[in-house]
Number of protein chains: 2
Amino acid sequence: MSHSLTSVFQKIDSLKPQFFSRLTKAIQIPAVSSDESLRSKVFDKAKFISEQLSQSGFHDIKMVDLGIQPPPISTPNLSLPPVILSRFGSDPSKKTVLVYGHYDVQPAQLEDGWDTEPFKLVIDEAKGIMKGRGVTDDTGPLLSWINVVDAFKASGQEFPVNLVTCFEGMEESGSLKLDELIKKEANGYFKGVDAVCISDNYWLGTKKPVLTYGLRGCNYYQTIIEGPSADLHSGIFGGVVAEPMIDLMQVLGSLVDSKGKILIDGIDEMVAPLTEKEKALYKDIEFSVEELNAATGSKTSLYDKKEDILMHRWRYPSLSIHGVEGAFSAQGAKTVIPAKVFGKFSIRTVPDMDSEKLTSLVQKHCDAKFKSLNSPNKCRTELIHDGAYWVSDPFNAQFTAAKKATKLVYGVDPDFTREGGSIPITLTFQDALNTSVLLLPMGRGDDGAHSINEKLDISNFVGGMKTMAAYLQYYSESPEN
Amino acid sequence: MSHSLTSVFQKIDSLKPQFFSRLTKAIQIPAVSSDESLRSKVFDKAKFISEQLSQSGFHDIKMVDLGIQPPPISTPNLSLPPVILSRFGSDPSKKTVLVYGHYDVQPAQLEDGWDTEPFKLVIDEAKGIMKGRGVTDDTGPLLSWINVVDAFKASGQEFPVNLVTCFEGMEESGSLKLDELIKKEANGYFKGVDAVCISDNYWLGTKKPVLTYGLRGCNYYQTIIEGPSADLHSGIFGGVVAEPMIDLMQVLGSLVDSKGKILIDGIDEMVAPLTEKEKALYKDIEFSVEELNAATGSKTSLYDKKEDILMHRWRYPSLSIHGVEGAFSAQGAKTVIPAKVFGKFSIRTVPDMDSEKLTSLVQKHCDAKFKSLNSPNKCRTELIHDGAYWVSDPFNAQFTAAKKATKLVYGVDPDFTREGGSIPITLTFQDALNTSVLLLPMGRGDDGAHSINEKLDISNFVGGMKTMAAYLQYYSESPEN
Ligand SMILES: [Zn+2]
Ligand SMILES: [Zn+2]
Ligand SMILES: [Zn+2]
Ligand SMILES: [Zn+2]
């Protein structure tokens, strides 16, 4: 270990009481972005963070106003929380790293089943965990970037890069207007950014650190079948009219089988073939079907082998049927023939699936299936929204630096993982700033980010800060960007 | 025509102004049983009707208290409207006819699209119609029984039967507690009843009077598929777990095809074969595919031929898929994998389908289909409720009397029709009182009973009262019961 990192790591250890104190103050602000009545608390938390940035020597701090929250919303003229932009250092000879985090949190109430008050941080050194809403998602990781700056300063070491922060307060509520801001500031505040690092996801399991290099995309569709001009009574019309819901069951039932195999022609051919290099990454990843079953609380896994599960979660497309709009959906029994039904389904996308091509295959499939029914009803299938997949090169300069940092801190090489879901902002940063993006998770797979008793292991908090510090150091020393 | 009926018919014509006046006063009371805030109006209407009965010489008038309305309900301790029992005559040498009607109505507001105030009766003699909420369903027919008594009295003719009324105020809201009352009074107030007549349905079309001798039953089912212990995110779990919704599409899709053919083994065999006598009844019925298309506002009919449409509506079973509980059902896009879904479907039943046998066939079918999927999820299918079909002998004494009455009034033999839906109280009367039940509709198929601008043709109102009078006269003269 270089002398500089040794002393920074010592300071991270010795400054722990201050870091706990900072985290405690932040957690006690209930910054729930989805609760309109708590919006002022989200603003309070933004103010607290900007004060921390200021105290730690960040400069050019800007609380960017994103305007009024667009509908649907109950409170008129509700302001969006600010995006906090700031810098630490602006040395043209150094690389510039943008770090993203969010200070808003999911809702939480003691009555939901928490063991302790969710907005009061509990630090249990004996058990080695901290518990409180936002501790792992994402207040802990966000503050860690500031903590790392403090540790470098306290150790007397030169900070290895220029740091730019982009901290938002609406991530749990759709990151409203953030895309626009990133695009707008690409050649403004964010000019000169060489790399982006996001610490807002988790290890796959509980033991082994990971670096995340891919996310699936999502194309969301609805098949609309219309028949009668209004809902009909099934006593009077059952058996004599073509029911849209009956047709819809046939169309939705033709999309995918119970083994998860997508039955739409042409999709398999779009999926990038598995290379030997990629395949090798799966072999050492710590995961098992038991972990999947624990997560679903059931034995509903479609695969037994670790590699099959991970590949189907990360690098193969999947099709889920979400529900039906327009039909009876309450408890009990209602004897209605719905006149117009919307079947909702989505396809998780992976390299090299083209969104437009996919949509045309989906429409062709649904149209053909419906035609085969010879129904007098009308059917059409439309895209509601799409978000592209993201895959980075896990062997690039950022990932290589982060891998070396992880090995230094945890003594093992990280698993290179992907995720099944999407973090749309990842792709926005990559495309708008034309940089590589690293997803550097701090917490574990069992932290319960959106659940009760959200926690962060103290070892992950400390190890995470050290990994951030080392990553910045190694990345700064890398010959490439 | 017998001299007695001639003079009664003359009185029905001459008393029209009084009948209009009585109907006008009744319609202006907004007795909406489903609107808890209007419950006092339902009571007001009961009082008005009991006053009319009293003025017309009915005796033994009882406002039967059915107690507090059971949940679900918003208003605590809301009393159910009374059932109005009364008698006209109690001559042991005469037959006794129980007439059923309901004085509550469907909701109605000018803003729904009515051309005039719904609770202000409009009598348009030029167009020959009366318009107002309840005029055809069922206030007009209900008051007509009282009007007929007035006409007999005014004509100086002996009333041919003992009349018993059973007028309820909760028909549009499920006839709560009425079943229990009928069973309780079978050997009480209703002791000695020879026949039951219900005037609460409609002609099939607009031109030809009908008598209704059959109703389909309804068995309502749900197939429940459970997998994960909670809803899952489709990004993380899509493609690696067996999704209950995907299995449900297969099970629901296996029940019936887009042509309305039920695919469950063993059902066809339970359906009573078509006899020549029954088949002959369909030939002359006035109906066409154009009327069906007008009613559905579409061209979604499964059949072109009149006989096929009528038989599939009345004498063959049908299967409708109503919806899915537990899945996403709102507008927009939500990326959830529902953990537990309830598929709702119902089968309209006909002679000689046995409800228990049907349920076991349905369960066997669903279980076998689910088993073929090899899914790790769990599946079961259960009956939510059943209500039996009802078919009367259209050649019995009551129907023969009503047929003769119709011919006398309208100059044509009525069509003998059945209905696709169920009126559960019909079977309750038949079974509890061990009598035959006649459904004697007054209004036309286009009256818009539960819709805007509900109307009753004046010719149907007058013709209906005359038909009621003649039916009672002929039935009283019939040698059989
Ligand atoms: Zn987060
Ligand atoms: Zn979150
Ligand atoms: Zn009615
Ligand atoms: Zn009604």
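Residues numbered from 1 in each chain as written. Chains lettered and ligands numbered in written order. Predicted model: local features only at pLDDT ≥ 70, side-chain atom pairs only at ≥ 80, totals over all residues. Heavy atoms only, no water.

Take chain A, turn it by 180°, move it 0.1 Å along the axis, and it overlays chain B with an RMSD of 0.1 Å. Such a turn and shift between the copies fits a two-fold axis. Closest to the rotation axis within chain A is the C-alpha of Met249(A), separated from it by 2.8 Å. Of the interface residues in chain A, 100% have counterparts in chain B that sit at the interface too, so the contact is made through matching surfaces. (Least-squares fit on C-alpha atoms with pLDDT ≥ 70 in both. Contact = heavy atoms within 4.5 Å.)

Residue and element names in this part refer to chain A. A cluster of acidic residues, Glu286, Glu290, Glu291 and Asp304, forms a negative patch on the protein surface. Within the element layout of this structure, glutamate 290 appears in helix 9 (residues 289-296). Owing to a relative accessible area of 55%, glutamate 290 belongs among the exposed residues under this scheme. (Patch = residues over 30% accessible without salt bridge, like charges linked within 9 Å, V, L, I, M, F, W, Y side chains within 5 Å. Areas by Shrake-Rupley, 256 points an atom, 1.4 Å probe, with all protein chains shown as cover. Salt bridge = Lys/Arg side-chain N within 4 Å of Asp/Glu carboxyl O. Lys, Arg positive; Asp, Glu negative; His and termini not counted. Charge placed at Lys NZ, Arg CZ, Asp CG, Glu CD. Helix = DSSP H or I, 4+ residues; strand = E, 2+ residues; numbered from the N terminus. Buried < 20%, exposed > 50% of the residue type's maximum accessible area, 1.4 Å probe, protein only.)

Here we take up the coordination of the zinc ion (ligand 1). Residue and element names in this part refer to chain A. The protein atoms that coordinate the zinc ion (ligand 1) are His102 (NE2), Asp137 (OD), Asp200 (OD) and Asp200 (OD), at distances spanning 1.9 to 2.7 Å. For the zinc ion (ligand 1), the four donor atoms are set out with angles of 52 to 147° between them, so the coordination reads as irregular. Counting residues between consecutive donors of the zinc ion (ligand 1) along the chain gives the motif H-x34-D-x62-D. Here the zinc ion (ligand 2) and the zinc ion (ligand 1) are spaced 3.2 Å from one another, each receiving a donor from aspartate 137. Residue histidine 102 is found in strand 3 (residues 96-102), and its partner aspartate 200 is found in the loop between strand 7 (195-198) and strand 8 (210-215); the two are separated by 98 residues along the sequence. Grouping residues by exposure puts histidine 102 and aspartate 200 together as buried. (Donors = N, O, S within 2.8 Å, 3.2 Å for Na, K, Ca; no water. Tetrahedral: all angles 85-135°; square planar, octahedral: opposite > 155°, others 65-115°.)

In this section: the UniProt feature "binding site: Zn(2+) 1" in chain A. Residue and element names in this part refer to chain A. UniProt's entry tags Asp137, Glu172 and His450 with the feature "binding site: Zn(2+) 1", counted in the numbering of this structure. For the annotated residues, spread through 314 residues, the largest C-alpha to C-alpha distance comes to 9.6 Å, consistent with a single compact locus. In this structure, glutamate 172 sits in the loop between strand 6 (162-168) and helix 5 (178-185). On the basis of relative accessibility, which here comes to 16%, the residue glutamate 172 falls in the buried class. Setting aside anything within four residues of it in sequence, one finds glutamate 172 in contact with Ser33, His102, Asp104, Val105, Gln106, Asp137 and His450. Position of histidine 450 among the secondary structure elements: in the loop between strand 17 (436-439) and strand 18 (455-457). If we skip the residues at most four places from it in the chain, histidine 450 touches Gln106, Arg133, Asp137 and Glu172. Looking at histidine 450, its side chain comes within polar contact range of the side chain of glutamate 172, at 3.2 Å. (UniProt positions renumbered as here; feature names shortened; annotations may be inferred. Polar contact = N/O pair within 3.5 Å; in protein donor to acceptor, adjacent residues only side chain to side chain.)

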